[in-house]
Amino acid sequence: LFQQTNARTVDLIFLSNGFMFLMLTLYTIVSGELQVAFAYCKHHWSVFFVLSLQAASAYCGLRCYLTVIKEHGGVAGVLLANARKIVTIVLSFLLFAKPCNSSHVGGLVLIFVGVYLGVLAKKKKKSNTNRKEQPAAPSPRKQPNNKHDHVV
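J.: Explanation requested: the overall build of the protein in the structure shown.
T.: In terms of regular secondary structure, the protein is built from five helices and zero strands. Secondary structure elements of the protein occur, N-terminal to C-terminal, as α-α-α-α-α. In the protein, which comprises 152 residues, the share counted as buried stands at 7%. In the protein, once contacts between residues fewer than 6 apart in sequence are set aside, the share between residues at least 24 apart is 36%.

J.: For this particular structure, what's the right way to read the layout of surface pockets?
T.: It is the rolling of a water-molecule-sized probe over the atoms that shows where space remains empty. Volume-wise, the largest pocket comes out at about 580 Å³. Taken together, 17 residues form the lining of the largest pocket, with Asn17, Phe21, Leu24, Leu51 and Ala55 sitting closest to its centre. Sorting the residues of the lining of the largest pocket by element identifies α1 (9–31), α2 (33–43) and α3 (46–72) as the ones contributing at least two each. Its residues placed into classes, the lining of the largest pocket shows 13 nonpolar, three polar and one charged. Quantified by volume, the second largest pocket comes out at close to 160 Å³. Lining the second largest pocket, in full, are Leu51, Ser52, Gln54 and Ala55. Of the residues assigned to the lining of the second largest pocket, the class counts are two nonpolar, two polar and no charged.

J.: So what exactly am I meant to see when it comes to the packing of α1 against α3 here?
T.: What describes two packed helices is the angle between their axes and the distance between those same axes. One can describe the packing of α1 onto α3 by two numbers: an axis separation of 11 Å at closest approach and a directional angle of 140°. By the angle between their axes, α1 is oblique relative to α3. In this structure, α1 meets α3 at a crossing whose hand is right-handed. Taking contact as the criterion, the partners of Thr9, Val10 and Ile13 in α1 are, on α3, Tyr59, Leu62, Arg63 and Leu66. Across the contact of α1 with α3, the residue classes tally to five nonpolar, one polar and one charged.

J.: How should I be thinking about the packing of α1 against α2 in this particular structure?
T.: Interhelical geometry of α1 versus α2 gives an angle of 90° and a closest axis separation of 5 Å. As summarised for this structure, α1 and α2 are arranged roughly perpendicular, according to the angle between their axes. Of α2, the residues touching α1 (which contributes Thr25, Tyr27, Thr28, Ile29 and Ser31) are Glu33, Leu34 and Gln35. Residues belonging to the contact of α1 with α2 are distributed by class as follows: three nonpolar, four polar and one charged.

J.: Mind showing me how you'd approach α3 here?
T.: Because each turn of an α-helix spans 3.6 residues, side chains separated by three or four positions in sequence point in the same direction. Taking 1.5 Å per residue as the helical rise, α3 with its 27 residues ought to reach 39 Å, and the 38 Å between its terminal C-alpha atoms agrees with that figure. In the stretch just after α3, glycine 73 is the one whose phi turns positive, near 100°.

J.: When you look at a nonpolar patch on the surface in this model, what are you seeing that I'm missing?
T.: On the surface, a cluster of nonpolar side chains totalling about 730 Å² of accessible area is made up of Phe19, Met20, Phe21, Leu22, Met23, Leu24 and Leu26. Note on placement: methionine 23 falls in helix α1.

J.: How do you make sense of the packing of aromatic side chains when you look at a structure like this?
T.: Aromatic rings considered in pairs are described by the distance between their centres and by the relative angle of their planes. The tally for this structure, following the rule as stated, stands at one aromatic pair. With a centroid separation of 5.5 Å and an interplanar angle of 45°, the aromatic rings of tryptophan 45 and phenylalanine 48 are classed as tilted.

J.: Just checking my understanding: could you explain the side chain of threonine 28 for this structure?
T.: Assignment of secondary structure puts threonine 28 in helix α1. The buried category is assigned to threonine 28, whose relative accessible area is 18%.

J.: Would you mind showing me how to read the state of the cysteines here?
T.: Between two cysteines, a covalent bond joining their sulfur atoms is known as a disulfide. Overall, the coordinates contain zero disulfides when judged by the stated rule. The thiol sulfur of cysteine 60 is not disulfide-bonded, and the nearest other cysteine sulfur, from cysteine 64, lies at 6.7 Å.

What counts, and where the lines are drawn
- Residues numbered from 1 in each chain as written.
- Predicted model: local features only at pLDDT ≥ 70, side-chain atom pairs only at ≥ 80, totals over all residues.
- Heavy atoms only, no water.
- Helix = DSSP H or I, 4+ residues; strand = E, 2+ residues; numbered from the N terminus.
- Buried < 20%, exposed > 50% of the residue type's maximum accessible area, 1.4 Å probe, protein only.
- Contact = heavy atoms within 4.5 Å.
- 1 Å grid on protein atoms, 1.4 Å probe; cavity = no way out; pocket = protein on both sides within 12 Å on 5 of 7 lines; lining within 4 Å.
- Points joined across faces, edges and corners; volume = space filled by probe spheres on them.
- Nonpolar A, V, L, I, M, F, W, Y, C, P; charged D, E, K, R; others polar.
- Axes fitted to C-alpha atoms, helices over the stretch in contact; angles between N-to-C directions.
- Parallel < 35°, antiparallel > 145°, perpendicular 65-115°, else oblique.
- Left-handed = near helix turned anticlockwise from the far one by under 90°.
- Expected span 1.5 Å × (residues − 1).
- Patch = residues over 30% accessible without salt bridge, like charges linked within 9 Å, V, L, I, M, F, W, Y side chains within 5 Å.
- Areas by Shrake-Rupley, 256 points an atom, 1.4 Å probe, with all protein chains shown as cover.
- Salt bridge = Lys/Arg side-chain N within 4 Å of Asp/Glu carboxyl O.
- Phe/Tyr/Trp six-rings, centres within 6.5 Å; stacked < 30°, edge-to-face > 60°.
- Disulfide = S-S within 2.5 Å.

In structure tokens form, the structure reads like this:
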């Protein structure tokens, strides 16, 4: 529907976020969580600042992600998202004291291998595309070198 109307990315983000805002607001009203949240925020004003900062960061991140997809394709977007997850996991272990066991190391290795295989697949696809775009070399033909030697 949006492709047929040539909607801009900004419009898509606004509509999808607006729809989710309405749905979540209705859900929190029905469940009673909205009243509890407002009561909490009355006593802790910094929560509004943190939530606003999170919303602004999420919006900026989404815009950057969509720009990467637009300029470099979906594979690059997936690789970027996975790289972000890796950085988040590594920073989590560096910034917060956590025990690191063999399962954590194995999982991190699997993530790195997955990202590496994705990069290899993208490079292979790119090289295959470049190979297909190059014109085929002309077949060698014998040139006549005297009047009795003609190419048919």
